[in-house]
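# Coordinates in review
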Amino acid sequence: MDLTFVAIDVETANPDRASICQIGAVAVRDGEIIDTLDVLVDPETYFDPWNVQIHGISESMVRGEPCFPDIASRLQGFVGERVVASHTPFDRTACDRAHERYELQAPNWTWLDTASVSRRAWTQFAARGYGLSNVAKHCGIEFQHHSAVEDARAAALILIKACSDTGLDVPGWLGRARQSVQSVSRDGQGDRPLVVCPKNNVTLPDLL
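Below: a short report on this structure.

Parameters at a glance
Residues numbered from 1 in each chain as written. Predicted model: local features only at pLDDT ≥ 70, side-chain atom pairs only at ≥ 80, totals over all residues. Heavy atoms only, no water. Helix = DSSP H or I, 4+ residues; strand = E, 2+ residues; numbered from the N terminus. Buried < 20%, exposed > 50% of the residue type's maximum accessible area, 1.4 Å probe, protein only. Contact = heavy atoms within 4.5 Å. Salt bridge = Lys/Arg side-chain N within 4 Å of Asp/Glu carboxyl O. Core = buried A, V, L, I, M, F, W, Y, C linked by side-chain atoms within 4.5 Å. Axes fitted to C-alpha atoms, helices over the stretch in contact; angles between N-to-C directions. Parallel < 35°, antiparallel > 145°, perpendicular 65-115°, else oblique. Left-handed = near helix turned anticlockwise from the far one by under 90°. Pairing = 2+ DSSP bridges.

Turning to the overall build of the protein, a few remarks are in order. Along its length, the protein carries nine helices and seven strands. Looking at the protein as a whole, 50% of its 208 residues are labelled buried. Within the protein, contacts between residues separated by at least 24 positions form 63% of all contacts whose residues are at least 6 apart in sequence.

Now the structure itself:
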């Protein structure tokens with residue numbers, strides 16, 4: 001099985017997704033974590049108190065830290081040609097918008113949403129409750145939520161667990177995550193369709 005990938009998570013200073021103030025990345029090879037990247041980033045913008053309350057990162061903590069253009073090439077080198085996993089599209093959008101803000105060429109990464117994986121791997125998360133904390137608890141993963149590197153580690157372990165439970169590897173999940181929500185058996189085949197709530201019925205706690 002191909003269980004090699006990088007998981008990424010970011011925290012932002014305010015509601016603007018380009019305002020990345022922390023990046024965490026975890027490299028996985030053959031199902032084992034082999035390296036981590038954990039950096040604070042000066043977003044060169046204001047910090048919303050609501051965001052600070054969530055992740056605990058303040059403006060004073062990032063003073064003197066590199067700005068996104070200074071860390072972008074390091075992040076690209078860390079990822080290389082590997083698949084990039086993140087829990088929900090938030091981190092992908094944040095990375096794309098940070099590149100746009102600084103007029104940088106965004107890397108052509110192949111992304112895999114571990115929230116989508118969770119919805120398809122385990123029936124109880126098909127319609128709701130597929131936020132990082134809930135899924136990590138189901139998988140027996142302990143972590144410090146809203147620390148970028150810890151969230152990235154949790155996403156990585158969730159993907160590894162989903163591969164183990166279903167028999168699908170990372171390339172298999174790249175295809176499966178684009179299909180309709182079904183439970184997946186050990187041979188990687190969907191066994192029965194599940195009812196999915198409309199998007200506007202997914203509450204905020206489901207996504208945290």
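This is not the end of the story, as more comes after the structure.
For the structure shown, the criterion picks out two salt bridges. In this structure, the salt-bridge partner of Glu 150 is Arg 153, at a minimum N-O distance of 3.3 Å. Residue Glu 150 and its partner Arg 153 are both found in helix H7 (residues 148-166); the two are separated by three residues, about one turn of the helix. Lys 161 is paired through a salt bridge with Asp 165; the nearest N and O atoms lie 3.4 Å apart. Separated by four residues within a single helix, Lys 161 and Asp 165 lie in helix H7, roughly one turn from each other.

Another point: the environment of Gly 140. Along the chain, Gly 140 falls in the loop between helix H6 (132-138) and H7. Take Gly 140: its relative accessible area is 62%, and that puts it in the exposed class. For the pair Gly 140 and Lys 161, spaced 21 residues apart in sequence, the C-alpha separation works out to 9.8 Å.

A word on the nonpolar core. Ranked by size, the top nonpolar core spans 35 residues in total, and within it Phe 5, Leu 112, Trp 122, Ile 158, Leu 159 and Trp 173 carry the most contacts. For this core, the elements supplying multiple residues, two or more each, are strand E1 (5-12), strand E2 (20-29), helix H5 (114-121), H6, H7 and helix H8 (170-176). Among residues more than four places away in sequence, those in contact with Leu 159 are Phe 5, Ala 85, Leu 112, Thr 114, Val 117, Val 170 and Trp 173. In this structure, Ile 8, Ile 20, Ala 98 and Trp 111 belong to the second largest nonpolar core, which totals 22 residues.

Once that is clear, we can look at the packing of helix H3 (residues 68-79) against helix H4 (residues 90-101). Running from N to C, H3 and H4 point in directions that differ by 130 degrees, and their axes come no closer than 10 Å. Put simply, H3 runs oblique to H4. Classified by chirality, the crossing of H4 by H3 is left-handed. Note on element contacts: H4 touches H3 through Cys 95, Ala 98 and His 99, opposite Phe 68, Ala 72 and Gln 76.

Moving on: the pairing of E1. In terms of burial, E1 is largely enclosed, as eight of its eight residues are buried. Across the two faces of E1 the burial is the same, with Phe 5, Ala 7, Asp 9 and Glu 11 and Val 6, Ile 8, Val 10 and Thr 12 all buried. With eight bridges joining them, E1 and E2 adopt antiparallel strand pairing. Across the sheet, residue Thr 12 finds its bridge partner in E2, namely Ile 20. Pairing analysis gives two bridges linking E1 to strand E4 (residues 84-86), with the strands arranged parallel. Residue Val 6 lies in a different strand from E4, and its bridge partner there is Val 84.

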